[in-house]
Structures are given as structure tokens and as C-alpha cells.
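Here are the chains, one letter per residue:
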Amino acid sequence: MIHCIPITEDLLDACAAIYVDTFNAEPWNDAWDVPSARRRLANILHAPGFFGLAILRDQHLCGAAFGEIEPWFQGSMFNLREMFVANDQRGTGLGSELLFHLEVELRALGVHTVHLFTSTGDLTERFYQRNGYRTETDMRMLIKTLS
Ligand SMILES: CC(C)(COP(=O)(O)OP(=O)(O)OC[C@H]1O[C@@H](n2cnc3c(N)ncnc32)[C@H](O)[C@@H]1OP(=O)(O)O)[C@@H](O)C(=O)NCCC(=O)NCCS
């Protein structure tokens, strides 16, 4: 059985373990360890407006979505900061199910838009597009390394 539950502090260790496996793999190839992943997720969890859901299959945590609801000039928007499904569970519909439940709950909270950053031109962008998200061509993410 598949169901979603709100993310609380006690889920952080399990989320961090999945996060490490997920983002140290393709297409990201990051170099997280469990303490650094836990710090990042805890930081989002404790931010104002935090909202997040975890998805469980047969009581086993398989993925999560973390973000925050932010005031906008009309109502509020949701900044989807992190979303991940365990490597061995991908491609079985859990990500789409999680996104669906997240959107249902956000809509009920008065959120009218979800924003997110992801990598371009790979499976991840396509995952969001297949779930109704459009790539914003007028915007760019800019980065400056402060040395
Ligand atoms: C993106 C992600 C959350 C999707 O979850 P999921 O449970 O695999 O998604 P679903 O089973 O509902 O949908 C499968 C779709 O996602 C796509 N997908 C994206 N990344 C994938 C991956 N690494 N492995 C398998 N499928 C992936 C598949 O291509 C499939 O699309 P298709 O039907 O057109 O082939 C998950 O693959 C993941 O955690 N990826 C790595 C972390 C990540 O990129 N997170 C988003 C950062 S913004």
C-alpha cells in the first residue's frame, strides 16, 4: 500500500539516507554524506513556511518532497526545494504520486503556483513536464563563486 505523510523531525535520518544515495548518483553525482544531507534537510524543515510530504510503500519510506510556502503578490507560491525517490524504487510511479498529493494539499492551503529548479534536458526535466510543469524559457539561474 502507498500513502503520504507530513514530514516531521523524526523522518530526517531516513530522508537523509535516501537523499545521499539519490543525489550522489546520475545525473547529479554530488558528494553528500548523511550528516551533510541531514543538515540541509533540517535547514529546510526549520525554515518559515516549511511544507513537506514523505511517500511510503508498505510502511517503508521511499521518497520525499521538501519546500516552503512563500508569500507572493497574490496569495502564495510553493518553492519545491528537494524531491527524491530511492534509486531502487524509481520509475514505478512514486514520484508522480508524491507530486500529486503535494499539489492537492498545497491547493487546499491556498497555493497557486509551484516553482522549482532542476537540470535541463534529462529524465528529471521530463518527469516534471509529464506532471504538468512547463520549462520557463524567460528565466535563467545565475551563479557566482565567491573566492
Ligand atoms: C525525479 C524523481 C523524483 C522521479 O521519481 P520517480 O518515482 O522515478 O517518478 P515516476 O515513476 O513517477 O515517473 C517516472 C518518470 O520519471 C523519469 N525519471 C526521472 N529521473 C529518473 C531516474 N533517475 N530514474 C528513473 N526514472 C526517472 C522517468 O524517465 C519516467 O518518465 P517516462 O515515463 O517519461 O520515462 C526520481 O527519479 C529521483 O529521485 N531522481 C533523482 C533526484 C532528482 O533528480 N530529484 C529532482 C531534483 S529537482
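Scroll up a little and you will see the structure.
Residues numbered from 1 in each chain as written. Predicted model: local features only at pLDDT ≥ 70, side-chain atom pairs only at ≥ 80, totals over all residues. Heavy atoms only, no water.

Q: Now, about the packing of aromatic side chains: what can you tell me, with residues and values included?
A: Two aromatic rings, taken as a pair, are described by how far apart their centres are and by the angle between their planes. Under the defined criterion, the tally for this structure stands at 11 aromatic pairs. Between tyrosine 19 and phenylalanine 23 the ring centres are 4.6 Å apart and the planes differ by 40 degrees, which places this aromatic pair in the tilted class. With a gap of 4 residues between them, tyrosine 19 and phenylalanine 23 both fall in helix H1 (residues 12-23), about one helical turn apart. Looking at tyrosine 19, the relative accessible area reads 2%, which means it is buried. The buried category is assigned to phenylalanine 23, whose relative accessible area is 9%. Seen from their ring centres, phenylalanine 66 and phenylalanine 84 are 6.2 Å apart, and the 25 degrees between their planes marks the pair as stacked. Here the residue phenylalanine 66 occupies a position in strand E3 (residues 60-71), and phenylalanine 84 occupies one in strand E4 (residues 76-85), the gap between them amounting to 18 residues. (Phe/Tyr/Trp six-rings, centres within 6.5 Å; stacked < 30°, edge-to-face > 60°. Helix = DSSP H or I, 4+ residues; strand = E, 2+ residues; numbered from the N terminus. Buried < 20%, exposed > 50% of the residue type's maximum accessible area, 1.4 Å probe, protein only.)

Q: Explain the pairing of E3 residue by residue, including any values.
A: In this sheet, E3 lies alongside strand E2 (residues 50-57) in antiparallel orientation, the contact comprising 8 bridges. Bridge assignment links glycine 52 to a residue of E3, and that residue is phenylalanine 66. Between E2 and the antiparallel strand that follows it, E3, lie 2 residues; aspartate 58 among them carries a positive phi value of about 50 degrees. Here E3 hands over to E4 after 4 residues, with glycine 75 in that stretch at a positive phi of 65 degrees. (Pairing = 2+ DSSP bridges.)

Read these as layout, nothing more, since geometry by itself doesn't imply function.
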